[in-house]
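Close look at the chain arrangement
Spelled out, the chains give:
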Amino acid sequence: METTSGAVAQAPAAEDGQQVPSARRTVDGYLRAPFPWYGLDEAFTGRRWLMQVGTAADGAVEHGSIGHGDEPSVRNEHRAGDERDAKEKFAVVVTVAANPDRHSADGTGLLEATSVSSAAWLAGVGLLSFTWPGQMDHSLRDDWLEQQTETAWVLADDLDGDDWSTLSLPVDGVPTSFHYRESEFGWVLAGSTEQGVHVGAYGRGMSAYGLAFSVVKDITAYV
């Protein structure tokens, strides 16, 4: 799935490498989406914030992310196995329009179809974007990220493989089956809804087992 804004569902960074505050982000892209956005349901009472949307070459909004909890940053002090002690506790919900193969707006080609695998890959890469093994030298991170991104794609393309388990979570109050996996850096899950979208999620410090998802009633309230 190709998008002009890039596939990594993360918050934009300022010149000094710090994440841009939510107040400086725009809700415009979310409002242009022809599909409903998903987030954690009302049982989650913590902070919610917008991240980024991804668009196709013709400008159509194809996916986007909403954060819950602490705003994550690239944490070079993160070490494998310290998930329980993670300083940042967050869950990010990725909504992906369920599109079949379709012609581009200018009629010159086909746009790639989206699927549950698309949501799984976006969620996997999203988690990677906020991960940096503490034992790794700064100069090696780009190579590590490229390698791990490829691994995330391979895993997302094999949702029935041994790396994934099945987890049932409520979506709009209906028990829904998700593909789920854990790593030393957090967890990733992906599934589909009855509203014509796929939902992916990733997080660290917050258990995925107690989550529930629902349609966002007013996206502007997240700004």
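What counts and how
- Residues numbered from 1 in each chain as written.
- Predicted model: local features only at pLDDT ≥ 70, side-chain atom pairs only at ≥ 80, totals over all residues.
- Heavy atoms only, no water.
- Helix = DSSP H or I, 4+ residues; strand = E, 2+ residues; numbered from the N terminus.
- Buried < 20%, exposed > 50% of the residue type's maximum accessible area, 1.4 Å probe, protein only.
- Contact = heavy atoms within 4.5 Å.
- Core = buried A, V, L, I, M, F, W, Y, C linked by side-chain atoms within 4.5 Å.
- Salt bridge = Lys/Arg side-chain N within 4 Å of Asp/Glu carboxyl O.
- pLDDT = per-residue confidence, 0-100.

So, the environment of Ala123
Locating Ala123 in the fold gives a position in helix H2 (residues 116-128). Assessed through its relative accessible area of 0%, Ala123 is described here as buried. The sequence separation of Ala123 and Ala190 amounts to 67 residues, and the corresponding C-alpha distance is 7.8 Å. Non-local contacts of Ala123, meaning those with residues more than four positions away in its chain, are made with Val94, Val188, Leu189, Gly200, Ala201 and Tyr202.

Here we look at the nonpolar core
The biggest cluster of nonpolar side chains holds 56 residues, and the ones touching the most others in it are Tyr30, Trp37, Leu189, Tyr202, Phe213 and Ile219. Element by element, the count of residues in this core is highest for H2, at 9 residues. In this structure Ile219 touches Val27, Tyr30, Leu31, Trp37, Leu50 and Ile66, once residues within four positions along its chain are discounted.

What to know about the pattern of salt bridges
Per the stated rule, a full pass over the model turns up 2 salt bridges. Note that Lys217 is salt-bridged to Glu42, the shortest N-O span being 3.6 Å. Placement of Lys217 in the segment after strand E11 (213-215) and of Glu42 in the loop between strand E1 (38-40) and strand E2 (48-55) is noted, with a sequence separation of 175 residues between them. Exposure remark for Glu42: the relative accessible area of 65% places this residue in the exposed category. Between Glu71 and Arg47 there is a salt bridge, with its nearest N and O atoms 2.8 Å apart. Residue Glu71 is found in the loop between strand E3 (61-69) and strand E4 (90-97), and its partner Arg47 is found in the loop between E1 and E2; the two are separated by 24 residues along the sequence. For Glu71, a relative accessible area of 24% corresponds to the partly exposed category.

Things to note about the confidence of the model for the protein
Mean pLDDT over the protein: 79, with 72% of residues reaching 70 or higher. Predicted confidence for residues 76-84 stays below pLDDT 50, and this span has 18 contacts to residues more than four positions away or in other chains.

A short note on unusual backbone geometry
The backbone of Asp172 shows a phi angle near 55 degrees, a positive value even though the residue is not glycine. Relative to the helices and strands, Asp172 is located in the loop between strand E7 (165-171) and strand E8 (174-183). Residue classification places Asp172 among the partly exposed positions, given a relative accessible area of 37%.

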